[in-house]
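A closer look at the structure
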Amino acid sequence: MTLFSSRNGIITLLFLIAFALSGWSIMLSRHTQPTASHNANEPDAWMENIVAMVMNKQGSASLKIQAPKMEHYAEDDTTHIDYPRVTVYRQSPEPWYINSDHAEASNGLEEIVFSDNVVIHHPTDNGNPETTMNTASLTVFPDKKQASTDNAVVIIQPDTVIHAVGMLADLNDGTVKLLSQAKGDYVPTS
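Residues numbered from 1 in each chain as written. Predicted model: local features only at pLDDT ≥ 70, side-chain atom pairs only at ≥ 80, totals over all residues. Heavy atoms only, no water.

1. Notes on the overall build of the protein
Helix and strand counts for the protein stand at one helix and 11 strands. Counting every position in the protein, which comprises 190 residues, the buried fraction comes to 26%. Intrachain contacts of the protein at a sequence separation of at least 6 include 35% that bridge at least 24 residues. For the protein, the computed accessible surface area is about 12300 Å², with 56% contributed by carbon and sulfur atoms. (Helix = DSSP H or I, 4+ residues; strand = E, 2+ residues; numbered from the N terminus. Buried < 20%, exposed > 50% of the residue type's maximum accessible area, 1.4 Å probe, protein only. Contact = heavy atoms within 4.5 Å. Areas by Shrake-Rupley, 256 points an atom, 1.4 Å probe, with all protein chains shown as cover.)

Written out as structure tokens, the structure reads:
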């Protein structure tokens, strides 16, 4: 009987040693594994050659984004867009078109700030004349269909060129409110 109990003791001791060694091995491997560190200056996702359509709750087109490249940064939930071409659909037949060299979208598409060579264009529709606006930067709230800038803006309509500083636009009904230093020139077409 002593042979049997010493054999059980040896087996138990070997199991305990094996258990301790495997636990020690697991602990070592956890401490030596490289942790996934993410540099805040590096995007966590990117896309190229984008054509994205955003639909509203009724299933109609609300926004279309075209760009050669987009990069998302998780640190501040922003998306940097190179050469965006954005179409803002609205209640009237013709949408607004916004182009620039750069844009940054925050909180998904809650707010988009366009910068560098910003051009806003709206074709003629429902009694509203064709309108083109140029500015250095523009903030657009796609869900609210609103756009604004504090910068100088040039508005071009048939026979009219208007210069102003600051602008608020309701993209749904097409109204534009100039904030200061508005000056218009009548430029008849030949």
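2. Topic: unusual backbone geometry
Look at Tyr83: it is not a glycine, yet its phi comes out positive at around 45°. For Tyr83, the location among the structural elements is in the loop between β3 (78-82) and β4 (85-88).

3. With respect to the pattern of salt bridges
Taken as a whole, this structure holds two salt bridges when the rule is applied. The partner of Glu71 in a salt bridge is Lys69, with the nearest N and O atoms 3.3 Å apart. Overall, Lys69 belongs to the partly exposed group, its relative accessible area being 28%. Where Arg90 meets Asp125, a salt bridge forms, and the shortest distance between an N and an O atom there is 3.4 Å. Taken together, the residues Arg90 in the loop between β4 and β5 (96-99) and Asp125 in the loop between β7 (111-122) and β8 (131-141) connect sequence positions 35 residues apart. (Salt bridge = Lys/Arg side-chain N within 4 Å of Asp/Glu carboxyl O.)

4. Things to note about the side chain of Thr78
Along the polypeptide, Thr78 turns up in strand β3. Polar contacts involving the side chain of Thr78 include one to the side chain of Asp76, which spans 2.9 Å. (Polar contact = N/O pair within 3.5 Å; in protein donor to acceptor, adjacent residues only side chain to side chain.)

5. A word on the environment of Thr175
Mapping Thr175 onto the fold places it in strand β11 (residues 175-186). The spatial distance from the C-alpha of Thr175 to the C-alpha of Asn128 is 9.4 Å, given a sequence separation of 47 residues. Contacts of Thr175, omitting those with residues within four sequence positions, involve Leu168, Ala169 and Asp170. Within the local environment of Thr175, its side chain forms a polar contact with the side chain of Asp173, the two groups lying 2.8 Å apart.

6. Focus: the pairing of β11
The buried fraction of β11 amounts to zero of the 12 residues, a small share that puts the element mostly on the outside. As paired elements, strand β10 (residues 160-170) and β11 share nine bridges and run antiparallel to each other. By the bridge assignment for β11, Ala169 is matched with Val176. (Pairing = 2+ DSSP bridges.)

7. Description of a negative patch on the surface
A cluster of acidic residues, Asp44, Glu75, Asp76, Asp77 and Glu104, forms a negative patch on the protein surface. Position of Glu104 relative to the elements: it lies in strand β6 (residues 102-106). Under the relative-accessibility criterion, Glu104 is labelled partly exposed at 32%. (Patch = residues over 30% accessible without salt bridge, like charges linked within 9 Å, V, L, I, M, F, W, Y side chains within 5 Å. Lys, Arg positive; Asp, Glu negative; His and termini not counted. Charge placed at Lys NZ, Arg CZ, Asp CG, Glu CD.)

8. So, the side chain of Thr87
In this structure, Thr87 sits in strand β4. Using a relative accessible area of 7% as the deciding quantity, one classes Thr87 as buried. Not counting chain neighbours up to four residues away, the residues in contact with Thr87 comprise Ser62, Leu63, Lys64, Pro95, Trp96 and Tyr97.

9. Things to note about the pairing of β4
In this structure, strand β2 (residues 61-73) lies alongside β4, joined through four bridges in antiparallel fashion. Of the residues in β4, the one forming a bridge with Leu63 is Val88. Pairing of β4 with β5, which is carried by four bridges, proceeds in the antiparallel orientation. Bridge pairing in β5 places Val88 opposite Trp96.

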